[in-house]
Amino acid sequence: MPAYAEAITRRFGDVGPLGEGVEDNTFVRQVLSRKAVRRYSERTPDENLLDVLIAASLSASAKSDFQQASILRVRDTAKRAAIGELFPAMPWIANAPVFIVFLGDARRLQSIGKMRGKPVRNGTLEGFFNASVDAALVMQTMILCAESAGLGVCPISVIRNEIDKVAAVLGLPDLVFPVAGLCLGYPQAEGHVSLRLPRPATTHLDRYDDSALVAAIDDYDRRRDARHAIPKEQQRSNAEFGEVAFYGWSEDKARQAAKAEGAAFPPYLRSHGFSFD
């Protein structure tokens, strides 16, 4: 059996390739098998390890070497509690041994322009996009490095839904915004490998082609439901959309997306230095 066959099958369960003939790589197999972790042991990661993980994450690729990402570790218990209280359904925000917020930082480049007497206006759409991508790359690098060191993580993008309150707690200035938070610690219990969309629906060759999307999503819904079904009591917005007999991933995500999240995010950004020109 190919070295990656079991991990790829568990992750996708599709009819795609299984890595035949590819030399085994422990790190790649670990990425294929990664899990979100929301329950942590009381053991706190060593500070020196965290320093190394932060250094590794800041070694991620950066657009044009602008390096528009910043990392804010929230160690103050009162600040952690204040953020956690905003999201009572996610107690792991306050309870995880480590909580880090990854920031898109368009402020620093604009400040450097001022230092050097250059007309840098970094509140544009391009500036926002570049800072967002830089922060996301830094966060994903942190995730993979932390997991390779035996830690578990859970990204928290919902903090943008309460951007005004989160920014106030963290003292964020203009042109600096949270992309996501990250809970981090040693896992208390095994999570599960989330089944991803079939690769034919998400990978393309030479041209974009989603002509087979309907069939691919229907197949995915059935396979995902067989592995980890969504309980009836977790159906979203039944008052608006009604209860359905089969409630698959696509129904759940369509209902979630129909209720737009992050309504406070665009006005916050516009009032804190971004024009999106």
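Our structure is the block above this text.
Keep in mind the model is a prediction, meaning the values are calculated, not measured.

Draft legend 1. Representation of the environment of Glu-147 in the model. Within the element layout of this structure, Glu-147 appears in helix 7 (residues 125–148). Assessed through its relative accessible area of 9%, Glu-147 is described here as buried. Sequence spacing of Glu-147 and Ile-100 is 47 residues, and the spatial spacing of their C-alpha atoms is 15 Å. Among all residues touching Glu-147, those that are not within four sequence positions of it are Gln-30, Arg-34, Lys-35 and Val-153.

Draft legend 2. Focus on the packing of aromatic side chains. Counted under the stated rule, the structure contains 8 aromatic pairs. Each ring, one from Tyr-220 and one from Trp-249, has its centre 5.3 Å from the other, and the planes form 85°; the classification is edge-to-face. Of this pair, Tyr-220 sits in helix 10 (residues 213–228) while Trp-249 sits in helix 12 (residues 249–258), placing them 29 residues apart in sequence. According to the relative accessible area criterion, Tyr-220 is buried, its value standing at 1%. Sitting over the ring of Trp-92, Arg-38 keeps its end group 5.6 Å from the ring centre. Across the ring face of Phe-265, the terminal group of Arg-160 is positioned such that the distance to the ring centre comes to 5.8 Å.

Draft legend 3. Representation of the environment of Ile-8. Of note, Ile-8 is situated in helix 1 (residues 5–11). Between the alpha carbons of Ile-8 and Asp-219 there is a distance of 17 Å; along the sequence they are 211 residues apart. Ignoring anything within four residues of it in the chain, the contact list for Ile-8 reads Gly-13, Pro-17, Leu-18, Gly-19, Leu-32 and Arg-199.

Draft legend 4. Representation of the sheet that holds strand 4 (residues 176–185). Spatial ordering of the open sheet is given by 1-2-4-3, a layout of 4 strands whose pairing is antiparallel. Either end of the sheet is taken by a strand with one partner, and the two such strands are strand 1 (69–73) and strand 3 (152–156). Recorded for the sheet is a direction-independent mean angle of 25° between the axes of neighbouring strands. Note: strand 2 (residues 98–105) against strand 4, 8 bridges, orientation antiparallel.

Draft legend 5. The packing of helix 3 (residues 47–57) against helix 7, seen in detail. The interhelical angle for the contact between helix 3 and helix 7, taken along N-to-C directions, is 135°, at an axis separation of 8 Å. By the angle class used here, helix 3 and helix 7 are oblique. For the pair helix 3 and helix 7, the crossing hand works out as right-handed. Contacts between helix 3 and helix 7 involve Leu-53, Ile-54, Ala-56 and Ser-57 from the former and Val-138, Thr-141, Met-142, Cys-145 and Ala-146 from the latter. Each residue belonging to the contact of helix 3 with helix 7 can be placed in one class, and the counts come to 7 nonpolar, 2 polar and no charged.

Draft legend 6. Representation of the nonpolar core. Counting residues in hydrophobic clusters, the biggest one holds 52 residues, and the most contacted among them are Ile-93, Phe-99, Ile-156, Leu-170, Phe-177, Cys-183 and Leu-184. Breaking this core down by element, the ones donating at least two residues are helix 3, helix 5 (92–95), strand 2, helix 7, strand 3, helix 8 (163–170), strand 4 and helix 13 (265–270). Considering every element that reaches this core, the biggest residue donor is helix 7, with 8 residues. Counting residues in hydrophobic clusters, the runner-up holds 5 residues, among them Tyr-4, Ala-7, Ile-8 and Phe-12.

Draft legend 7. Quick peek at the side chain of Asp-134. Of note, Asp-134 is situated in helix 7. Notably, Asp-134 is buried but unbridged: the nearest opposite-charge side chain belongs to Arg-108, and the N-O separation is 7.2 Å. Within the structure, the side chain of Asp-134 is placed 2.8 Å from the backbone nitrogen of Gln-68, a separation counted as a polar contact. Not counting residues within four places of it along the chain, the set of residues in contact with Asp-134 comprises Ser-61, Ala-62, Lys-63, Gln-67, Gln-68 and Ala-69.

Basis of the calculations
Residues numbered from 1 in each chain as written. Predicted model: local features only at pLDDT ≥ 70, side-chain atom pairs only at ≥ 80, totals over all residues. Heavy atoms only, no water. Helix = DSSP H or I, 4+ residues; strand = E, 2+ residues; numbered from the N terminus. Buried < 20%, exposed > 50% of the residue type's maximum accessible area, 1.4 Å probe, protein only. Contact = heavy atoms within 4.5 Å. Phe/Tyr/Trp six-rings, centres within 6.5 Å; stacked < 30°, edge-to-face > 60°. Lys NZ or Arg CZ within 6 Å of the ring centre and 35° of its normal. Pairing = 2+ DSSP bridges. Axes fitted to C-alpha atoms, helices over the stretch in contact; angles between N-to-C directions. Parallel < 35°, antiparallel > 145°, perpendicular 65-115°, else oblique. Left-handed = near helix turned anticlockwise from the far one by under 90°. Nonpolar A, V, L, I, M, F, W, Y, C, P; charged D, E, K, R; others polar. Core = buried A, V, L, I, M, F, W, Y, C linked by side-chain atoms within 4.5 Å. Lys, Arg positive; Asp, Glu negative; His and termini not counted. Salt bridge = Lys/Arg side-chain N within 4 Å of Asp/Glu carboxyl O. Polar contact = N/O pair within 3.5 Å; in protein donor to acceptor, adjacent residues only side chain to side chain.

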